[in-house]
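# Fold and geometry: a report
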Amino acid sequence: MRYIGSKAVEAMLMEAVCAPAPGLVDRYNSGAHTDMDIFTFMRSTAALGPAMYSCAACGYMHEDSPSALLRRIRPIGRQAETDMFVATDGVNTQKGLLFVMGILCAATGAVYHQVYGYEKAITAEKILAYVKEMCRNLVAEELGAMQIDEGAMTAGQRLFKQYGIRGIRGEVEDGLPAVLYAGLPAYEEAKQAGFSNDVVLLHTLLALMTVVEDTTIVHRHNLTFLRDVQADAQRIMSLGGALTEEGFQAIVDLDANYSSRRISPGGSADLLAVTHFLYEVTA
Ligand SMILES: CC(C)(COP(=O)(O)OP(=O)(O)OC[C@H]1O[C@@H](n2cnc3c(N)ncnc32)[C@H](O[C@H]2O[C@H](COP(=O)(O)OP(=O)(O)OP(=O)(O)O)[C@@H](O)[C@H]2O)[C@@H]1O)[C@@H](O)C(=O)NCCC(=O)NCCS
Ligand SMILES: Nc1ncnc2[nH]cnc12
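Residues numbered from 1 in each chain as written. Chains lettered and ligands numbered in written order. Predicted model: local features only at pLDDT ≥ 70, side-chain atom pairs only at ≥ 80, totals over all residues. Heavy atoms only, no water.

Further remarks concern the packing of helix α1 (residues 2-17) against helix α4 (residues 95-114). Following both chains from N to C, one finds α1 and α4 inclined at 150 degrees, their axes separated by 10 Å at the closest point. Between α1 and α4, the interaxial angle falls into the category roughly antiparallel. Considering only the axes of α1 and α4, their crossing is right-handed. Residues Tyr3, Ile4, Ala8, Ala11, Met12 and Glu15 of α1 form the contact with α4, whose own contacting residues are Leu97, Met101, Cys105, Thr108, Gly109 and Tyr112. Its residues assigned to classes, the contact of α1 with α4 comprises nine nonpolar, two polar and one charged. (Axes fitted to C-alpha atoms, helices over the stretch in contact; angles between N-to-C directions. Helix = DSSP H or I, 4+ residues; strand = E, 2+ residues; numbered from the N terminus. Parallel < 35°, antiparallel > 145°, perpendicular 65-115°, else oblique. Left-handed = near helix turned anticlockwise from the far one by under 90°. Contact = heavy atoms within 4.5 Å. Nonpolar A, V, L, I, M, F, W, Y, C, P; charged D, E, K, R; others polar.)

Quick look at the site of ligand 2 now. Lining the immediate environment of ligand 2, one finds Glu15, Leu24, Val25, His33, Met36, Phe41, Thr93, Gly266, Ala269 and Asp270. Between ligand 2 and Glu15 there is a distance of 2.9 Å, counted from a nitrogen atom to a side-chain nitrogen or oxygen. In this structure, a nitrogen atom belonging to ligand 2 sits 2.9 Å away from a main-chain N or O atom of Val25. A total of 260 Å² of accessible area belongs to ligand 2 in isolation, and the protein chains cover 96% of it. (Near = heavy atom within 4 Å. Polar contact = N/O pair within 3.5 Å; in protein donor to acceptor, adjacent residues only side chain to side chain. Areas by Shrake-Rupley, 256 points an atom, 1.4 Å probe, with all protein chains shown as cover.)

By the secondary structure assignment, Ala140 is in helix α6 (residues 138-144). Separated by 26 residues in sequence, Ala140 and Arg166 have C-alpha atoms that sit 9.8 Å apart. Not counting residues up to four positions away in its chain, the partners in contact with Ala140 are Ala145 and Glu173.

Let us now look at the pattern of salt bridges. Any two side chains of opposite charge can pair, given that their charged atoms come close. Scanning the entire structure with this criterion turns up nine salt bridges. When the shortest N-O distance is used, the salt bridge between Arg27 and Asp198 registers 2.5 Å. A residue pair is termed long-range when its members are at least 10 positions apart, and Arg27 in the loop between α1 and α2 (38-61) and Asp198 in helix α10 (residues 197-209) qualify at 171 residues. The exposure class assigned to Arg27 is partly exposed, which follows from its relative accessible area of 40%. In this structure Asp198 comes out as buried when scored by relative accessible area, which is 17%. Note that Glu142 is salt-bridged to Arg169, the shortest N-O span being 2.7 Å. (Salt bridge = Lys/Arg side-chain N within 4 Å of Asp/Glu carboxyl O. Buried < 20%, exposed > 50% of the residue type's maximum accessible area, 1.4 Å probe, protein only.)

Our focus in this paragraph is the site of ligand 1. Taken together, 37 residues are adjacent to ligand 1, and Arg74, Glu81, Thr154, Glu213 and Asp270 come closest. Here a nitrogen atom of ligand 1 and a side-chain polar atom of Glu171 are 3.2 Å apart. In this structure, an oxygen atom belonging to ligand 1 sits 3.2 Å away from a side-chain N or O atom of Thr216. A total of 1,200 Å² of accessible area belongs to ligand 1 in isolation, and the protein chains cover 91% of it. Among the elements of the structure, α3 (66-87), α4, α7 (155-163), α8 (167-173), α11 (215-220) and α14 (266-282) are those that each provide at least two residues to the shell around ligand 1. With six residues, α4 is the single largest residue contributor to the shell around ligand 1. When grouped by side-chain class, the residues that make up the shell around ligand 1 number nine nonpolar, 16 polar and twelve charged.

In structure tokens, the structure reads:
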């Protein structure tokens, strides 16, 4: 299970450093963020590492239902969220990433145990099907029935109430379709063509940005900005994404544009890390 935990940490680091990532913190600059930089992400990732291993171990040893596994790792996640905020002096670097990656590590541990001895049977489809089982009815349970004052709501809770956007909870409840149908095909196309890490990761990020209902964008701006970001990403993918000179230059230009307009596709960045993780643990 150490392997699963270390691949989760690797995924978080690869996502944070790839550049130029439009509006995101990367190894070149802090994008649309004034409260964090690449060093904040290094500290944050180091703080989250132990929780990833713990979630994988819980999954491997789990003998009850998938939904019981989510309940079992939730306290681990909440403690890790506290550890993250201590490491970052209160800045929200990877709250969403911690949630989705912790669930992924637990699901991967559970599937490893199910197919023990037949490692080749470990597929992204199997892991994501288990994620879907773990998170069944999560939106209704956590967002649909909430009785919280507007002022005490998180971004995700407020946006669900305002627009019906389900955010990260909707992604995991659906079994992360953006990763399975947009992220992984883009990642595999670029990887198998022998492109560099930056090109593989940026190509995947742009593919995800075409479809992800990213509350990070809506929270900072509004739904129109989200639709514009999806259209921007679609335009760049039609130029060949990061795999062509024209597409790559368009990504460089988009980074400058988003950084100046405070647009940050943080949700797509989370799913980029998830895509790298799934490629690595099923390769
Ligand atoms: C379950 C929670 C994580 C829910 O939190 P919340 O109620 O806030 O729900 P969301 O807003 O829906 O999601 C929170 C973060 O998830 C990322 N995200 C959003 N949409 C998507 C999507 N469609 N797919 C995937 N991921 C998505 C996003 O996180 C990233 O962006 C954040 C950084 O951006 P930034 O703009 O800087 O954010 P802020 O600082 O908040 O804004 P500013 O002030 O700077 O403008 C960062 O989090 C990235 O990861 C959303 O922000 C949570 O409540 C929970 O239960 N956590 C406990 C952990 C747990 O249970 N773990 C179990 C397994 S270990
Ligand atoms: N590299 C990054 N920059 C900004 N927000 C993020 N959320 C997850 N990864 C991020």
